[in-house]
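One-letter residues, chain by chain:
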Amino acid sequence: DTLTDLTFEYFPWNGGLVHPGILKSAMWFLENLASDLILFAQEYQLENIYVTGHSLGSATAGMTAILLEEELKRRSWPTIA
C-alpha cells in the first residue's frame with residue numbers, strides 16, 4: 001500500500017484522473033472475483049451490491065464499484081448502489 005500511495009502518476013480514465021495502482025486493484029477484483037459475486041447475487045436474488053473500503057481501500061472500492069456497475073450493465077443487470 002505504501003508504494004501505491006507514493007506513486008504520484010495519474011492518467012485520464014472515464015472522464016477524470018485515476019491512480020494506476022487503484023485501477024489495477026479494481027481491475028484485479030473485476031477479473032478474478034466479479035463473476036462469482038454476480039452469480040451469488042443472482043442465486044440469492046439480491047437487489048443491491050455494496051462495495052466498501054477504508055482509506056486506500058475506499059478509493060479502490062469506489063473504482064471497483066464503477067467497473068462492476070459497467071460489467072452489470074453489459075449483462076443487463078440492474079445498476080448497483
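Just so it is clear, the structure is predicted and the values come from calculations on it, not from any experiment. (Residues numbered from 1 in each chain as written. Predicted model: local features only at pLDDT ≥ 70, side-chain atom pairs only at ≥ 80, totals over all residues. Heavy atoms only, no water.)

Side note on helix H4 (residues 56-74)
So, step 1. Taking 1.5 Å as the rise per residue, H4 with 19 residues should run 27 Å; its terminal C-alpha atoms sit 28 Å apart, in good agreement.
So, step 2. Burial in H4 covers these residues: Leu56, Thr60, Ala61, Met63, Thr64, Ala65, Leu67, Leu68, Glu71 and Leu72.
So, step 3. Taken from the residues just after H4, serine 76 is the one with a positive phi, measuring 60°. (Helix = DSSP H or I, 4+ residues; strand = E, 2+ residues; numbered from the N terminus. Expected span 1.5 Å × (residues − 1). Buried < 20%, exposed > 50% of the residue type's maximum accessible area, 1.4 Å probe, protein only.)

Details of the nonpolar core
So, step 1. With 14 residues, the main nonpolar core has Leu23, Leu30, Ile49, Met63, Leu67, Leu68 and Leu72 as its most contacted residues.
So, step 2. Secondary structure elements with two or more residues in this core: helix H2 (20-32), helix H3 (34-43) and H4.
So, step 3. It is H4 that provides the largest number of residues to this core, a total of five residues. (Core = buried A, V, L, I, M, F, W, Y, C linked by side-chain atoms within 4.5 Å.)

Some words on the packing of aromatic side chains
So, step 1. For the structure shown, the criterion picks out one aromatic pair.
So, step 2. Plain terms: the ring middles of phenylalanine 40 and tyrosine 44 are 4.8 Å apart, the flat faces sit at 45° to each other, and that makes the pair tilted.
So, step 3. Among the residues examined, phenylalanine 40 registers a relative accessible area of 43% and is labelled partly exposed. (Phe/Tyr/Trp six-rings, centres within 6.5 Å; stacked < 30°, edge-to-face > 60°.)

A look at the pattern of salt bridges
So, step 1. Per the counting criterion, the structure on display carries one salt bridge.
So, step 2. One salt bridge in this structure joins arginine 74 and glutamate 71, with 3.0 Å as the shortest N-O distance. On the criterion of helical spacing, the pair formed by arginine 74 and glutamate 71 is a turn pair, its members being three residues apart in helix H4.
So, step 3. Accessibility expressed as a relative area gives 57% for arginine 74, which makes it exposed. (Salt bridge = Lys/Arg side-chain N within 4 Å of Asp/Glu carboxyl O.)

Notes on the packing of H2 against H4
So, step 1. Contact geometry for H2 and H4: axes closest at 8 Å, N-to-C directions at 50°. Relative to H4, the element H2 is oriented oblique. H2 and H4 meet at a crossing whose hand is right-handed. Side by side, H2 and H4 meet where Ile22, Leu23, Ser25, Ala26, Met27, Phe29 and Leu30 of the first sit next to Leu56, Ala59, Thr60, Met63, Thr64, Leu67, Leu68 and Glu71 of the second.
So, step 2. Along the lines of polarity and charge, the residues of the contact of H2 with H4 split into eleven nonpolar, three polar and one charged. (Axes fitted to C-alpha atoms, helices over the stretch in contact; angles between N-to-C directions. Parallel < 35°, antiparallel > 145°, perpendicular 65-115°, else oblique. Left-handed = near helix turned anticlockwise from the far one by under 90°. Contact = heavy atoms within 4.5 Å. Nonpolar A, V, L, I, M, F, W, Y, C, P; charged D, E, K, R; others polar.)

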